[in-house]
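A look at the structure
Listed below are the residues making up each chain.
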Amino acid sequence: MAHSLSDARSSATSVPDPNDNENLAEQNIGRSAGLPELVAPQRHLGRWAAAVFVVLMLAWVGYSVYTNPSIDHGAISDFMFSGAILQGLKTTLILALLAGLLSIALGTVIALFRLSGNPVLTAVAQGYVWVFRGTPLLVQILILGNFSLFYPELAIVVPFTDITLVSADTNSILTMFTASVLALGLHDAAYMAEIIRSGIQSVDKGQTEASRALGLPGWVMQTRVVLPQALRVIIPPAGNNFINMLKMTSLVAVIAGGDLLTQAQNLSAANLKTIELLLVASAWYLIVVTVFSVGQMMVEKRLGRGYSRRSSRTAVSLRLRRISK
């Protein structure tokens, strides 16, 4: 009688669970993961056909451009490393680096103003971003290039009086190169401010709360705790922004900023090799952008080393939890 009761209890407790089939299927899949697939891979004929079509079209376009009788290939090779082109390339790099440093410094200040609790500083930061992000860069370059029409002289005066301490001619201070740096830097600072602000806001609030609990001053908390952690989020869009600004340096040609495009236009005006010199300038822009893109990729890889491992481990643990349920 005892045996029959225990058998009945065991049979009652061994009722099949509908979830067991799913668990068994997942276990079987996991066990067979190391075995060769028995199912033949699907053939993607459409992908191969599209790839062949695209390659043929690109080859046809390249052949058409290369064999175009209107292009003087000898002129392209002659001007590729000419002194004027290399000087313009040097000016372009200096413009981009100086404007980039100005935009980072000013953008950081504007971002901190935007995040501060002071309503006046917040309003000033919002107004700056609104003005410089809302007007075209070409218009800003033209305004600074013709700034002497607004103020023929730049002077340091006592506010609300006619007392002048120091004055100088505007064109002697605000040269075309200086105007180009200021226009590019001031315009790009509006975008950098938003990039830095989003990076700072991505840092967990517990970091700032812990810093305040330790009695750290505000500037120490931002420079030693928040900003180093925000760099991982700031670097990718900031790098893309710098590469975009590097190409935007070509706009200073409208005020003869001495950049690469300015030199190419000056040479083409003398020898009428317009297309050839534009191709030379495009080739140098492509080379420089490629170099900076590789550098940006290396920096991003270094900054995201620990986070990539952490995210992969988290994904694996979540997958294991889902299978075990």
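All values derive from a computational prediction rather than experimental measurement.

Note on placement: Asn 241 falls in helix α11 (residues 218-248). Residue Asn 241 is classed as buried on the basis of its relative accessible area of 13%. Taking the C-alpha atoms as reference, Asn 241 lies 9.3 Å from Ile 195; in sequence the two are 46 residues apart. When residues no more than four places from it in sequence are discounted, the contact partners of Asn 241 are Asp 188, Tyr 191, Met 192 and Ile 195.

Glancing now at the confidence of the model for the chain. On average, residues of the chain score 82 in pLDDT, and 81% of them reach the 70 mark or higher. When pLDDT is averaged over each element of the chain, helix α6 (residues 119-134) comes out on top at 94 and helix α1 (residues 2-13) at the bottom at 44. Considering only residues more than four positions removed or in separate chains, one finds that residues 1-16, a stretch of pLDDT under 50, has zero contacts. Predicted confidence for residues 314-320 stays below pLDDT 50, and this span has zero contacts to residues more than four positions away or in other chains.

A full pass over the atoms with the stated rule returns three salt bridges. Between Lys 273 and Asp 72 there is a salt bridge; the shortest N-O distance is 3.3 Å. Taken together, the positions of Lys 273 in the loop between α12 (260-271) and α13 (274-303) and Asp 72 in the loop between α3 (45-66) and α4 (73-79) put the pair 201 residues apart, joining distant regions of the chain. On the accessibility criterion, Lys 273 (27% relative accessible area) is partly exposed. Given the relative accessible area of 31%, Asp 72 is considered partly exposed. Between Glu 194 and Arg 114 there is a salt bridge, and its shortest N-O distance comes to 2.7 Å. One end of the pair, Glu 194, is in helix α9 (residues 176-202); the other, Arg 114, is in helix α5 (residues 83-115), and 80 residues separate them in sequence. Using a relative accessible area of 16% as the deciding quantity, one classes Glu 194 as buried. For Arg 114, a relative accessible area of 24% gives the class partly exposed. It is possible to trace a salt-bridge network through shared partners that takes in Arg 114, Glu 194 and Arg 197.

Parameters and conventions
Note that residues are indexed from 1 along each chain, following the sequence as it is written. This being a predicted model, a pLDDT of at least 70 is required before a residue's local features are given, and a value of 80 or more before pairs of side-chain atoms are given or counted; all residues contribute to the totals for chains, interfaces and linings. The side-chain quantities take in all heavy atoms of the structure and omit both hydrogens and water. A run of DSSP states H or I qualifies as a helix once it reaches four residues; a run of E qualifies as a strand once it reaches two. Both are numbered from the N-terminal end. Each residue gets one of three labels from its accessible area relative to the maximum for its type: buried under 20%, exposed over 50%, partly exposed in between, using a 1.4 Å probe on protein chains only. In this description, contact between two residues means that some pair of their heavy atoms is separated by no more than 4.5 Å. pLDDT expresses how confident the predictor is about each individual residue, on a scale running from 0 to 100. Salt bridges are identified by distance alone: a Lys or Arg side-chain nitrogen within 4 Å of an Asp or Glu carboxyl oxygen.

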